[in-house]
Amino acid sequence: MQATESVKVPDGKLVRVAVTYDDEIDDVAITGDFFLQPPEALADLEAAIEGHSADVEAATLVEAIEQVEAELIGFDAFDLAQVTVEAVE
Amino acid sequence: MTVRLITEGEYDEAMHHALDEVLLSRVDAGEIEPTVRFWYRTGPAVPLGRFQAYEDEVATDYIEAEAIDVIRRITGGGAMFAEPGDIITYSMYLPADMVPRDVRESYEVLDEWVIDGLHRLSFDAFHEPLNDISHEDGKIGGSAQLRADDAVLHHTTMSYSVDIARMLKALRIGKEKVSDKAVKSAEKRVARITDYVPDSRDAVIDSLIEALDAEYGTTTGTFEQETLDRAEELAESKFQTDDWNKRL
């Protein structure tokens, strides 16, 4: 299945995730008007979410996202985890 | 530390973004001095944020019919609509030690001279976190940064007299199904410098340059041939390709 969900972070940026999933989250594409340092870490953020169960809890995703060495600007790990969970719900 | 100011050259959108990448990398490598340049465009363009999805942001039919260049930036942030003479864009390429490490603080500090330059025209602009330059009636412009190891690119686009009707046709602002908050944010009024002050675009740029000189001290420079050569190559191999511009 495929689903897309967006969040405009209050006082922050727009983050959109497009996910392909069945029992597991197979593929994630993150887009939006946020900032990320280094920009190459986008693929690492996506990889941190991929492979989790489709009924994963946001807290588990937050932990995985925080493992990525990157500075998220205009959103945070919780925003990204939350919008992903909403997409697969 | 003084900055070298470059106000020459009219280029297409791809070349401008290639210049950004090359100049950042050359300041990062310590090959050239801290540099600030104003952009002079040759045609209408949409500079797209690095992480934005092409199809989500631009109205493709209009873009193609009007021959508008859509070029993905190396910086994050949002899409803009720019036409020669309607927009003021500049880029700063500074060694990291000239820029606060804290991102939020650095946007504010690097916007200070611009706010000063607009105040000199009795235009009441202010910095609005994270990265906007605003007037009480709306957003005038926005900045975006990319940090290399030892250098920072900070570039800003401000609306001098943007054609808002055309902008709304080119960009898919508020047309997507997103949260109410996002739509509200996208529709937040665009304020233009010409709505408030009578000065020509050149006069506004002159005022900005005076403020830049007051803040940092400036020397007038030109692009090195190597910078131009490398940027031309990069414009062709990267910024003119769908591979880069439509990658998301």
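Report follows, based on the coordinates. (Residues numbered from 1 in each chain as written. Chains lettered and ligands numbered in written order. Predicted model: local features only at pLDDT ≥ 70, side-chain atom pairs only at ≥ 80, totals over all residues. Heavy atoms only, no water.)

Examining the pairing of strand S1 (residues 3-6) of chain B
Residues and elements named next belong to chain B. Neither face of S1 is open: one carries Val3 and Leu5, the other Arg4 and Ile6, and all of them are buried. Where S1 lies against strand S10 (residues 218-220), 3 bridges are found, and the strand directions are parallel. Bridging from a neighbouring strand, arginine 4 pairs with threonine 219 of S10. One ladder, built from 3 bridges, connects S1 with strand S2 (residues 35-38); its direction is parallel. (Buried < 20%, exposed > 50% of the residue type's maximum accessible area, 1.4 Å probe, protein only. Helix = DSSP H or I, 4+ residues; strand = E, 2+ residues; numbered from the N terminus. Pairing = 2+ DSSP bridges.)

As for unusual backbone geometry
Here the bond from Gln37(A) into Pro38(A) is cis, since omega is -10°, no more than 30 degrees from zero. Here the bond from Pro129(B) into Leu130(B) is cis, since omega is 0°, no more than 30 degrees from zero. Mapped onto the fold, Leu130(B) is located in the loop between strand S6 (126-128) and strand S7 (132-135). The backbone phi angle of Asp11(A) is positive, close to 60°, even though this residue is not glycine. Notably, Ser122(B) is not glycine yet its phi reads approximately 60°, a positive angle. With respect to the helices and strands, Ser122(B) occurs in the loop between helix H4 (103-119) and S6.

Notes on the interface of chain B and chain A
Interfaces are often sized by the amount of accessible area the parts lose when they come together. Listed as interface residues are 24 residues of chain B and, on the opposing side, 19 residues of chain A. Together, the buried faces of chain B and chain A total about 1700 Å²; carbon and sulfur atoms form 62% of this surface. The closest approach of N and O atoms between Arg50(B) and Glu40(A), which form a salt bridge, is 3.8 Å. At the junction of chain B and chain A, the tally comes to 6 residue pairs in polar contact (both at pLDDT 80 or more). For the side of chain B that touches chain A, the secondary structure elements donating two or more residues are H4, strand S8 (138-147) and helix H6 (180-186) of chain B. With 5 residues, the single largest contributor to the side of chain B that touches chain A is S8(B). Within the side of chain B that touches chain A, the residues separate by chemical class into 10 nonpolar, 9 polar and 5 charged. (Contact = heavy atoms within 4.5 Å. Buried area = accessible area lost by both parts, 1.4 Å probe. Salt bridge = Lys/Arg side-chain N within 4 Å of Asp/Glu carboxyl O. Polar contact = N/O pair within 3.5 Å; in protein donor to acceptor, adjacent residues only side chain to side chain. Nonpolar A, V, L, I, M, F, W, Y, C, P; charged D, E, K, R; others polar.)

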